[in-house]
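One-letter residues, chain by chain:
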Amino acid sequence: MEDREMSEEEWDQMVHELYHAWHASRPPHHERRDFEMSGQREILHVLDKNGEEMTPGALAKECRVSTARIAKALNQLEEQGIVVRKDDPRDGRRTLVSLTDKGRELVEAKRREIDEDIKAFLKELGADDTRELVRLLRRIGEIAPRFYAAHCADEQGKGGDGR
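Residues numbered from 1 in each chain as written. Predicted model: local features only at pLDDT ≥ 70, side-chain atom pairs only at ≥ 80, totals over all residues. Heavy atoms only, no water.

## Brief notes about the overall build of the protein chain
Scanning the protein chain for helices and strands turns up six helices and two strands. Listed N to C, the secondary structure of the protein chain is α-α-α-α-β-β-α-α in terms of helices and strands. Out of the 163 residues belonging to the protein chain, those deemed buried represent 28%. Carbon together with sulfur atoms contributes 51% to the accessible area of the protein chain, which is approximately 11,100 Å² in total. (Helix = DSSP H or I, 4+ residues; strand = E, 2+ residues; numbered from the N terminus. Buried < 20%, exposed > 50% of the residue type's maximum accessible area, 1.4 Å probe, protein only. Areas by Shrake-Rupley, 256 points an atom, 1.4 Å probe, with all protein chains shown as cover.)

## What about the pairing of strand S2 (residues 91-99)?
Of the pairings in the sheet, the one linking strand S1 (residues 83-88) to S2 comprises six bridges and is antiparallel in character. Bridging across to S2, Asp87 finds its partner in Thr95. Turn length for the S1-S2 hairpin, with the two strands adjacent in sequence and antiparallel, is two residues. (Pairing = 2+ DSSP bridges.)

## Structural notes on the packing of helix H3 (residues 56-63) against helix H4 (residues 67-79)
Angle between the axes and distance between the axes: these two values describe a pair of packed helices. Packing of H3 against H4 leaves a shortest axis separation of 9 Å and a crossing angle of 110°. On the basis of the axis angle, H3 is roughly perpendicular to H4. Mapping the contact onto sequence places Pro56, Gly57, Leu59, Ala60 and Cys63 in H3 and Thr67, Ile70 and Leu74 in H4. Here the contact of H3 with H4 is built from residues that sort into six nonpolar, two polar and no charged. (Axes fitted to C-alpha atoms, helices over the stretch in contact; angles between N-to-C directions. Parallel < 35°, antiparallel > 145°, perpendicular 65-115°, else oblique. Contact = heavy atoms within 4.5 Å. Nonpolar A, V, L, I, M, F, W, Y, C, P; charged D, E, K, R; others polar.)

## Points about the packing of aromatic side chains
Two numbers describe a pair of aromatic rings. These are the distance of the centres and the angle of the planes. Taken as a whole and assessed by the stated rule, the structure comprises one aromatic pair. Between the aromatic rings of Phe147 and Tyr148, the centroid separation amounts to 5.4 Å while the plane-to-plane angle is 75°, which identifies the pairing as edge-to-face. (Phe/Tyr/Trp six-rings, centres within 6.5 Å; stacked < 30°, edge-to-face > 60°.)

## Details of helix H5 (residues 101-125)
Residues spaced three or four apart along an α-helix face the same direction, because each turn holds 3.6 residues. Between its first and last C-alpha, H5 extends 36 Å over 25 residues, near the 36 Å set by a 1.5 Å rise per residue. Of all the residues in H5, the buried ones are Gly103, Val107, Lys119 and Leu122. One or two steps after H5, the chain reaches Gly126, where phi turns positive at roughly 100°. (Expected span 1.5 Å × (residues − 1).)

## Quick look at the nonpolar core
Core analysis: the biggest nonpolar cluster contains 18 residues, and Ile43, Leu47, Leu59, Ile70 and Val83 have the highest contact counts within it. Every element with two or more residues in this core is listed here: helix H2 (40-50), H3, H4 and S2. Core analysis: the next-biggest nonpolar cluster, separate from the first, contains 10 residues, Trp11, Val15, Leu18 and Leu122 among them. (Core = buried A, V, L, I, M, F, W, Y, C linked by side-chain atoms within 4.5 Å.)

## Notes on the pattern of salt bridges
A full pass over the atoms with the stated rule returns 19 salt bridges. Across the salt bridge formed by Arg85 and Glu78, the nearest N and O atoms sit 3.0 Å from each other. Accessibility expressed as a relative area gives 23% for Arg85, which makes it partly exposed. On the accessibility criterion, Glu78 (30% relative accessible area) is partly exposed. (Salt bridge = Lys/Arg side-chain N within 4 Å of Asp/Glu carboxyl O.)

## Overview of unusual backbone geometry
Phi at Arg64 takes a positive value of approximately 60°, unusual for a residue other than glycine. Positionally, Arg64 belongs in the loop between H3 and H4.

Rendered as structure tokens:
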């Protein structure tokens, strides 16, 4: 089978589709252990993806870690000027967290770096194999939500411990 070359735009599109296909294959609310969290990068990713201010509690829930862990990480990120916390103007008892300009620039620079690394990897894989990989991941993304929904429902019926 001959490999048909792709333009830079097609490679960029493959990276984009690979991300979406890969994330679609992951269980949406499946518990992740803390060691799977990449720390501050996960917080930055969630804040960037959310696109607006979040409470530390909502951030902890989205990152699937404790509020204590989020508080510690936010302290470090705030010291670095990457995030800012402020009182919620609608409810002074709540705190809102958002990325600073420096934080958004950091996230965008990291995204570009990762995109270029993945593109280089995919180019090594080759155009045809990359297309096949993305096709398969899309298919997994179609199947995975149904699989996880059924699996998680089965686990909850068994008390959550699989017995």
